[in-house]
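Each chain, letter by letter, is given below.
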Amino acid sequence: LGLILQTAYTYTLPIIVANQAGAAAAAYFYLPWTVAAGLQLIAANLATSLTVEATLFQDQLRAYGQRILQQVLRLLLPLVILIVIAAPWLLRVFGADYATEGTLLLRCVSLAAIPNVVVVLAGGIVRVQNRPGVIAVIHGVLGALVLGLTYALLPRLGITGVGVAWLVSQTIVALGLVVTVLIPLFRIPPREQPDRTGSAA
């Protein structure tokens, strides 16, 4: 159910843009949206590794979660900063109109990759904890926010409104997951490792 909901709101956005803003706007939207999808794959792939490893060693979930969070942010933060700064020049490769129409959108969806790390990581953690209903709730709330804000902002801000909707929605859900999933997990004290050196009798 969570996957169905995620697929629904992710693939619905380009259709909404094309139907409400026209073919030209859809073309300007497509490139930044593709970049956003690529950035999110970084977190998704590492979260998959977390799910596999922590399922085998559940007592290490806290340590694995912290390690994955650090690794993803090390990879993503430089990329996001680079894209935010260079957005107009990156899009100008495809034409001046792409840079004019898509720069703010590209910046918004790139920044949204940071809170998305929390969303994806929390999803991996609750899978390991055998709480599948939480995944459906995450993507249900996220989908409702994204689609609701998109319908509200697209007529006013154009395709930039979709980027704002995506960034705001990811941030709201991420903040909720920090409080409900990450903080409770990271507050658990690390498990003491057994003494392998032995002691004199």
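Residues numbered from 1 in each chain as written. Predicted model: local features only at pLDDT ≥ 70, side-chain atom pairs only at ≥ 80, totals over all residues. Heavy atoms only, no water.

Colleague: Give me the lowdown on the overall build of the chain, citing residues and values where you can.
Modeller: The helix and strand tally for the chain stands at seven helices and zero strands. Across the 201 residues that make up the chain, the buried fraction comes to 40%. Of all intrachain contacts in the chain linking residues separated by at least 6 positions in sequence, the fraction that spans at least 24 positions is 75%. Here the chain has roughly 10900 Å² of accessible surface; of this, 66% comes from carbon and sulfur atoms. When the 11 positive and 6 negative side-chain charges of the chain are each reduced to one mean point, those points stand 5 Å apart. (Helix = DSSP H or I, 4+ residues; strand = E, 2+ residues; numbered from the N terminus. Buried < 20%, exposed > 50% of the residue type's maximum accessible area, 1.4 Å probe, protein only. Contact = heavy atoms within 4.5 Å. Areas by Shrake-Rupley, 256 points an atom, 1.4 Å probe, with all protein chains shown as cover. Lys, Arg positive; Asp, Glu negative; His and termini not counted. Charge placed at Lys NZ, Arg CZ, Asp CG, Glu CD.)

Colleague: Could you give an account of the layout of surface pockets, naming the residues involved and the relevant values?
Modeller: Space inside the largest pocket adds up to approximately 750 Å³. Every residue lining the largest pocket is counted, 30 residues in all, and those nearest its centre are Q6, T10, Q40, L41 and A44. When residues of the lining of the largest pocket are traced back to their parent elements, those giving at least two are α1 (2-21), α2 (23-56), α5 (113-128), α6 (132-157) and α7 (159-186). Here the element with the most residues in the lining of the largest pocket is α2; it accounts for ten residues. Counted by class, the lining of the largest pocket contains 17 nonpolar, twelve polar and one charged residues. (1 Å grid on protein atoms, 1.4 Å probe; cavity = no way out; pocket = protein on both sides within 12 Å on 5 of 7 lines; lining within 4 Å. Points joined across faces, edges and corners; volume = space filled by probe spheres on them. Nonpolar A, V, L, I, M, F, W, Y, C, P; charged D, E, K, R; others polar.)

Colleague: Please give an account of the side chain of T160 that cites residues and values.
Modeller: Mapped onto the fold, T160 is located in helix α7. Every residue in contact with T160, bar those within four places of it in the chain, is listed here: E101, L104 and L105.

Distances and angles like these do not, on their own, reveal function.
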